[in-house]
Amino acid sequence: MTKSVAREPQRRNARSNRARILATARRELGRNPDTTLEELARAAGVVRRTLFGHFPGRAALLEALAEEASEVLRSAMAAGAERVGPDEPAERALAHFVLLMWPVGDRYRMLLALARHDLGVERVSEILAPARAEVTAILERGQRDGVFPGHLPPAVLSAGLEAMTVALLEQVNTGALEDDGTRVAAAQLIAAGVPEERARAVVADVAPTATAEGVADE
């Protein structure tokens, strides 16, 4: 047996341990941002040395979570782009985008709490930058087509919608809000200038497809 063949089970085990540690960190840090690495190791069912072998410190673990969140966000955006064509009405495109992104935000909402502790607001902003750019493009197209009123420049409105989403995710953290994304999507459309009744109708029409796509991509 060659060394490379012998090492493959070890590599698979290492990958499994790393994935389990990250999944545990998402769960436990979401409950308590001050959870220690030792507590995470116990919760993940690994010894302290194994955790530190993958993540030599808290900063390394949080950066790994940030990079994982960034990759999942980019993948979700790419999947959404394949299904929502450039001719899709902007209000439907925005609803579809929010509904696809909300599960990603919900999965990594603990990063918002950690931003104030360790991660840094700038790093969170960097992760969200691709989503902000996409929403800005949708808003710009919608204002050009007359779907959204031009009460604010697209980039400014996009930043405002992002801030609202972050605030709503924080409310999920506190237990004040439970949502599958539909209420948030309607709120985003209303904030973008769509009348409430129309916003709710658009979300109700888009939600079944977006939800099915989200399940299929998990």
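The sections below set out a description of the structure shown in this document. Values in this document were obtained by computation on a predicted structure and should not be read as measured data.

**A closer look at the overall build of the protein chain**
Logical step 1: Within the protein chain, the secondary structure is distributed over 10 helices and zero strands.
Logical step 2: Counting helices and strands in the order they occur from the N terminus, the protein chain gives α-α-α-α-α-α-α-α-α-α.
Logical step 3: Projected onto its principal axes, the C-alpha positions of the protein chain cover 65 × 40 × 25 Å.
Logical step 4: When each of the 218 residues of the protein chain is scored for burial, the buried share is 40%.
Logical step 5: Pairs at least 24 apart in sequence give 70% of the contacts found in the protein chain among residues at least 6 apart.

**Here's the deal with the side chain of R141**
Logical step 1: In this fold, R141 is placed in helix α7 (residues 121-145).
Logical step 2: Of the side chains with opposite charge, D145 lies nearest to the buried R141, which makes no salt bridge, at 4.5 Å.
Logical step 3: Within polar-contact distance, the side chain of R141 engages the backbone oxygen of E88 at 2.6 Å.
Logical step 4: Apart from the residues within four sequence positions on either side, R141 is in contact with P86, E88, P89, A90 and A93.

**Notes on the side chain of T35**
Logical step 1: When you line up the elements, T35 lands in the loop between α1 (3-31) and α2 (37-44).
Logical step 2: Not counting the four nearest positions on each side in its chain, T35 is found in contact with E28, L29, L40 and R58.

**Quick notes on the pattern of salt bridges**
Where charged atoms of side chains with opposite charge meet at close range, the side chains can pair.
Logical step 1: One pass over the structure, following the stated rule, counts 15 salt bridges.
Logical step 2: Two residues, D118 and R58, come together in a salt bridge whose shortest N-O distance is 3.0 Å. Here the residue D118 occupies a position in helix α6 (residues 110-119), and R58 occupies one in helix α4 (residues 58-83), the gap between them amounting to 60 residues.
Logical step 3: Residue R58 is classed as partly exposed on the basis of its relative accessible area, which comes to 22%.
Logical step 4: Among the ionic pairs, E126 bridges to R123, the shortest N-O distance being 3.6 Å. Of this pair, E126 and R123 are both found in helix α7, three residues apart, which corresponds to roughly one turn of the helix.
Logical step 5: A residue is classified by how much of its surface remains accessible, and E126, at 51% relative accessible area, is exposed.
Logical step 6: Classification of R123 as buried rests on a relative accessible area of 14%.
Logical step 7: The network of salt bridges with common partners includes E63, E67, R74, R123 and E126.

**Topic: the environment of R83**
Logical step 1: Mapping R83 onto the fold places it in helix α4.
Logical step 2: C-alpha separation for the pair R83 and A210, spaced 127 residues apart in sequence, amounts to 9.5 Å.

What counts, and at which threshold
- Residues numbered from 1 in each chain as written.
- Predicted model: local features only at pLDDT ≥ 70, side-chain atom pairs only at ≥ 80, totals over all residues.
- Heavy atoms only, no water.
- Helix = DSSP H or I, 4+ residues; strand = E, 2+ residues; numbered from the N terminus.
- Buried < 20%, exposed > 50% of the residue type's maximum accessible area, 1.4 Å probe, protein only.
- Contact = heavy atoms within 4.5 Å.
- Lys, Arg positive; Asp, Glu negative; His and termini not counted.
- Salt bridge = Lys/Arg side-chain N within 4 Å of Asp/Glu carboxyl O.
- Polar contact = N/O pair within 3.5 Å; in protein donor to acceptor, adjacent residues only side chain to side chain.

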